[in-house]
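# Understanding the architecture of this molecule
Residues per chain, in single letters:
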Amino acid sequence: MRKMFLAVVLSFITIECFSQVVITMEEDGGVYRIPCLVNGAKMKFIFDTGASTVCISESMAEYLYDNDYISKSDFVGLGQSTVADGRIVNNLHLILRDIEIAGLHLTDVEAVVIEGQKAPLLLGLSAINKLGKIQINGNILTIAKANPETDVDARIDYLLDKASEYRRDGLYSKAKECYSEVYGYNGLSDVGIHNYIRCCMQTQDYQNALHLLDDITDYDALLEKDINIYRTIGWVYEENNMFQEGRVYYEKAFNAEIPSNNYEEKAYIAWCIGNCYNGLKYYPDAAKNYNLAVYCIELSKGLRSNYLFDDCFGKLKKGEKSYRTEEVDRYVYYWLTASRDAGQCSESDFLYNISILASRNNRFAIGYCNRIKFDYQYYLSLHVL
């Protein structure tokens with residue numbers, strides 16, 4: 001019995017030891033430094049619990065860039081910061097993909113490159129808080145690692161980080177699994193629920209996405225974060241064949257006043273509105289919105305009205321530049337088919353125009369001709385004026 005008791009005690013001590021990391025920091029001029037790897041590069045942090053973020057100097061950023069530890073894609077924006085003496089300095093923001101400290105990994109940590117700052121690397125609270133619970137005794141730093149298998153808060157943080165990673169990589173099914181588990185903990189914010197819905201849509205789990213719409217409580221808060229929640233709702237309704245509801249929310253999405261709602265975005269939303277009208281068999285309204293989609297692209301590029309129609313049908317004047325894209329080809333093709341269905345053009349006019357589009361390598365028109373086994377090249381040869 002005594003041996004069994006000692007074995008249990010020793011086992012408990014071992015688990016406790018493995019649940020925390022002890023680091024001996026180097027003292028240098030009143031500050032403490034921690035050895036680490038930044039994207040694989042050996043460095044030393046200045047450990048500063050008073051700092052709100054991770055900061056590095058220009059020279060350090062140049063070193064990381066020149067030695068391929070970071071790339072242009074890691075730089076994510078510009079900004080300004082207030083330093084200790086009250087000055088406002090310019091800075092760049094970048095993402096450090098991996099910071100390893102004593103075997104602990106921090107992923108996708110946002111850092112600030114401070115102009116003129118000489119400190120090699122400053123570890124602020126944005127990174128420290130991700131390590132776990134910390135305790136400092138002189139130069140001894142103890143990090144109590146949270147166990148994501150038993151600590152619910154740690155599990156939620158872990159799952160949300162993984163979900164973001166999966167979404168960046170286009171692994172929507174895996175991301176959906178993470179969001180589903182967090183949803184079970186009641187741990188998703190409105191932004192999280194929105195992301196969960198979009199993962200469901202990407203994996204064709206339309207019924208679940210529809211069910212989740214009821215859990216979003218504050219549309220205005222999402223719009224303030226430049227998230228066009230109305231577009232997402234319209235998408236959910238459209239894919240669930242609820243075209244009238246989808247049309248209503250797509251129209252709200254079209255009119256939403258948020259920074260990302262530019263003319264190219266509006267063009268896509270107008271196309272979606274057209275699809276809903278098409279599903280309702282309101283073909284004149286469908287044609288009108290497909291036309292609007294083309295017009296929005298023209299506005300985004302500063303083109304005259306009907307320029308893109310002339311472009312698609314080979315009617316540009318000499319010297320005029322082509323702005324055709326697959327997106328433009330799609331909108332023009334859908335406009336033409338909706339116009340035919342609305343009775344706005346005869347069948348013979350439709351076949352002639354679809355043949356022109358196909359002859360100009362519009363893949364949507366070519367696909368249509370192939371589906372109905374229509375020889376557009378022969379048809380055009382019979383109708384050359």
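Just so we're clear, the structure is a prediction, and the values are computed from it rather than from any experiment.

### Remarks on a negative patch on the surface
On the surface, Glu-58, Glu-62, Asp-66, Asp-68 and Glu-115 cluster together into a negatively charged patch. Here Glu-62 shows up in helix 2 (residues 58-66).

### What about the confidence of the model for the protein chain?
Across the protein chain, the average pLDDT comes to 86, with 87% of residues at 70 or higher. Below a pLDDT of 50 lies the segment residues 1-18, which in the model reaches one contact outside its immediate sequence neighbourhood of four places, other chains included.

### Things to note about the sheet that holds strand 1 (residues 20-24)
Reading across the sheet, the three strands line up as 1-11-10 and stay open at both edges, with antiparallel pairing between neighbours. Pairing within the sheet leaves two strands with one partner each, and these edge strands are strand 1 and strand 10 (133-137). When the angles between neighbouring strand axes are averaged without regard to direction, this sheet yields 15 degrees. Pairing geometry for strand 1 and strand 11 (residues 140-144), over five bridges, is antiparallel. In the strand pairing of strand 11, Val-22 is matched with Thr-142.

### Quick notes on the pattern of salt bridges
Scanning the entire structure with this criterion turns up 13 salt bridges. The salt bridge involving Arg-231 is made with Glu-265; its shortest N-O contact spans 2.5 Å. One end of the pair, Arg-231, is in helix 9 (residues 229-239); the other, Glu-265, is in helix 11 (residues 263-279), with 34 residues separating them in the sequence. With a closest N to O distance of 3.0 Å, Arg-363 and Glu-326 form a salt bridge. You can see Arg-363 sitting in helix 16 (residues 363-371) and its partner Glu-326 sitting in helix 14 (residues 326-341), a full 37 residues away along the chain.

### What about unusual backbone geometry?
Even without being a glycine, Asp-68 presents a positive backbone phi close to 65 degrees. Secondary-structure assignment places Asp-68 in the loop between helix 2 and strand 6 (75-82). A positive phi angle, close to 65 degrees, is found at Asp-226, a residue other than glycine. Relative to the elements of secondary structure, Asp-226 occurs in the loop between helix 8 (219-224) and helix 9.

### Focus: helix 5 (residues 172-184)
Between its first and last C-alpha, helix 5 extends 18 Å over 13 residues, near the 18 Å set by a 1.5 Å rise per residue. Where helix 5 is buried, its residues touch helix 4 (152-168) and helix 6 (190-202). Once helix 5 ends, the next one or two residues include Asn-186, with phi positive near 60 degrees.

### Observations concerning the pairing of strand 5 (residues 54-57)
Residues Val-54 and Ile-56 point to one face of strand 5 and Cys-55 and Ser-57 to the other, with burial holding for every one of them. In the sheet, strand 5 pairs with strand 9 (residues 121-123) via two bridges, with the strands oriented antiparallel. Paired with Ile-56 across the strands is Leu-121, a residue of strand 9.

### Points about a nonpolar patch on the surface
Where nonpolar side chains cluster on the molecular surface, the patch consists of Tyr-263, Tyr-295 and Leu-299 and spans about 270 Å² of accessible area. Checked against the element boundaries, Tyr-295 lands in helix 12 (residues 283-301).

### Some words on the nonpolar core
With 77 residues, the main nonpolar core has Ile-197, Val-332 and Ile-354 as its most contacted residues. Of the residues forming this core, the biggest block, eight residues, is contributed by helix 11. With near-sequence residues (within four places) excluded, Ile-197 lies in contact with Ala-209, Leu-212, Leu-213, Ile-216, Thr-232 and Val-236. Listed in part, the 32 residues of the second largest apolar core include Ala-41, Ala-61, Ile-101 and Val-113.

Definitions and cut-offs
Starting from 1, residues in each chain are numbered consecutively following that chain's sequence as written. Only residues with pLDDT of at least 70 are given local features in this predicted model, and only at 80 or more are side-chain atom pairs given and counted; all residues enter the totals for whole chains, interfaces and linings. Here the side-chain values reflect all heavy atoms present in the structure, with hydrogen atoms and water set aside. Here, patches come from residues exposed beyond 30% relative accessible area and free of salt bridges, joined within 9 Å for like charges and within 5 Å for nonpolar side chains (Val, Leu, Ile, Met, Phe, Trp, Tyr). Surface accessibility in these figures is a Shrake-Rupley result with a 1.4 Å probe; residues are shielded only by whichever protein chains are displayed. By definition, a salt bridge exists where a carboxyl oxygen of Asp or Glu is found within 4 Å of a side-chain nitrogen of Lys or Arg. The charged-residue count follows a simple rule in which Lys and Arg add positive charge and Asp and Glu add negative charge, with His and chain termini not counted at all. The atom standing in for a charge is NZ when the residue is Lys, CZ when it is Arg, CG when it is Asp and CD when it is Glu. By the criteria applied, helices consist of DSSP H or I runs no shorter than four residues and strands consist of E runs no shorter than two, each listed in order from the N terminus. Looking at any residue, its pLDDT shows the predictor's confidence there, from 0 to 100. By definition in these notes, contact holds between two residues if any of their heavy atoms fall within 4.5 Å. Here, a strand pair is defined by DSSP locating no fewer than two bridges between the strands. Fitted lines through C-alpha atoms serve as axes, helices being fitted only where they are in contact, and the angles separating the N-to-C directions of these axes extend from 0 to 180 degrees. An expected span of 1.5 Å times one less than the residue number is assigned to each helix. Accessibility here uses a 1.4 Å probe with only protein chains present; expressed as a share of the type maximum, an area under 20% marks a residue as buried, one over 50% as exposed, and anything in between as partly exposed. Remark: nonpolar core denotes a set of buried residues (Ala, Val, Leu, Ile, Met, Phe, Trp, Tyr, Cys) joined through side-chain atoms within 4.5 Å.

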